[in-house]
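# Observations on the model geometry
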Amino acid sequence: MSSLSGNYSGSCGHLCTYETCVLRISLTVDNFGRRFLGCSQYKIGPKCPFFRWIDNPTCVRGNEAAHLVQQKLDLLRSKLQLACERERETTQAAAEAT
Ligand SMILES: [Zn+2]
């Protein structure tokens, strides 16, 4: 078994390091806007368990704001869905009229 740092013999085949990991920002309500370092293969391939928070836990006010942002996002998503449905109906009606 290899003991070289940076090598990982787990099922994903690698372990990210501070050099290869990727900086991301959490969008979950509990950690909204909190920066962290994560696996460079996240959503691409098998990801390793590398994970480090950079920022301190989100403060109480930050968590309150996260809920407001989440509500606003949900509202905008539903408005977008309605607009898309309206556009599809209009396009369909125009196609049937010709
Ligand atoms: Zn990784």
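Before reading further, recall that the structure is shown in the block above.
Report follows, based on the coordinates. In this text the structure is predicted, and so the values were computed from the model without any measurement. Within any chain, residue numbers begin from 1 and follow the written order of that chain's sequence. Since the coordinates come from a predicted model, pLDDT governs what is reported: local features require at least 70, and pairs of side-chain atoms require 80 or more to be given and counted, while whole-chain, interface and lining totals use all residues. In computing side-chain properties, one takes all heavy atoms of the structure into account and sets aside hydrogens as well as water.

## Comments concerning the overall build of the protein
In plain terms, the rule: In this description a helix means any DSSP run of H or I spanning at least four residues, a strand means any run of E spanning at least two, and both kinds are numbered starting from the N terminus. To sort residues, take the accessible area from a 1.4 Å probe on protein chains only and compare it with the maximum for the residue type: under 20% means buried, over 50% means exposed, and anything in between is partly exposed. In short, Shrake-Rupley with a 1.4 Å probe defines the accessible areas, and a residue's cover is counted only from the protein chains shown.
Scanning the protein for helices and strands turns up one helix and three strands. Counting helices and strands in the order they occur from the N terminus, the protein gives β-β-β-α. Looking at the protein as a whole, 16% of its 98 residues are labelled buried. When the accessible surface of the protein is totalled, it reaches about 7,800 Å², and 57% of it is carbon and sulfur.

## A few points about the environment of Leu23
The line we're drawing: Residue contacts are defined here by distance: any two heavy atoms, one from each residue, within 4.5 Å place the two residues in contact.
Locating Leu23 in the fold gives a position in strand E1 (residues 22-25). The sequence separation of Leu23 and Ser40 amounts to 17 residues, and the corresponding C-alpha distance is 8.8 Å. Here Leu23 is in contact with Arg35, Phe36, Leu37 and Ile54, once residues within four sequence places are set aside.

## Some points on the nonpolar core
Counted only if it meets this: Here, the term nonpolar core denotes a set of buried Ala, Val, Leu, Ile, Met, Phe, Trp, Tyr and Cys residues that are joined through side-chain atoms within 4.5 Å.
Of all hydrophobic cores here, the largest spans seven residues; its members are Cys12, Cys16, Cys21, Leu37, Cys39, Cys48 and Phe50. Every residue in contact with Phe50, bar those within four places of it in the chain, is listed here: Leu15, Cys16, Thr17, Tyr18, Cys21, Leu37, Gly38 and Cys39.

## A look at the coordination of the zinc ion
Inclusion rule: Sites may look incomplete, because water is not among the atoms used; the donor set itself consists of N, O and S atoms within 2.8 Å of the metal (3.2 Å for Na, K and Ca). When four donors show all angles between 85 and 135 degrees the site is tetrahedral, when four or six donors have opposite pairs over 155 degrees and all other angles between 65 and 115 it is square planar or octahedral respectively, and in every other case it is irregular.
Looking at the metal site, the zinc ion is ligated by His14 (NE2), Cys16 (SG), Cys39 (SG) and Cys48 (SG), spaced 2.2 to 2.3 Å from it. Each of the four donor atoms bound to the zinc ion contributes to angles spanning 99 to 113 degrees, and the resulting shape is tetrahedral. In primary sequence terms, the donor set of the zinc ion follows H-x1-C-x22-C-x8-C. Across this residue pair, the class does not change: His14 and Cys16 are buried.

## Examining the packing of aromatic side chains
As a reminder of what qualifies: Note on ring pairs: Phe, Tyr and Trp rings are taken, using the six-membered ring of Trp, and paired if centres are within 6.5 Å. Classes follow the plane angle, with under 30 degrees stacked, over 60 edge-to-face and the rest tilted. Remark: a charge is flagged as sitting over a ring if the NZ atom of Lys or the CZ atom of Arg is within 6 Å of the ring centre and within 35 degrees of the ring normal.
By the definition in use, this model includes four aromatic pairs. Between Phe36 and Trp53, the aromatic rings sit 5.6 Å apart at their centres with planes inclined by 75 degrees, giving edge-to-face as the arrangement. One end of the pair, Phe36, is in strand E2 (residues 35-38); the other, Trp53, is in strand E3 (residues 51-53), and 17 residues separate them in sequence. Here the aromatic residues Phe36, Phe51 and Trp53 are joined through ring pairs into a cluster of three or more. Here the basic side chain of Arg34 rests over the ring of Trp53, its NZ or CZ set 3.9 Å away from the ring centre.

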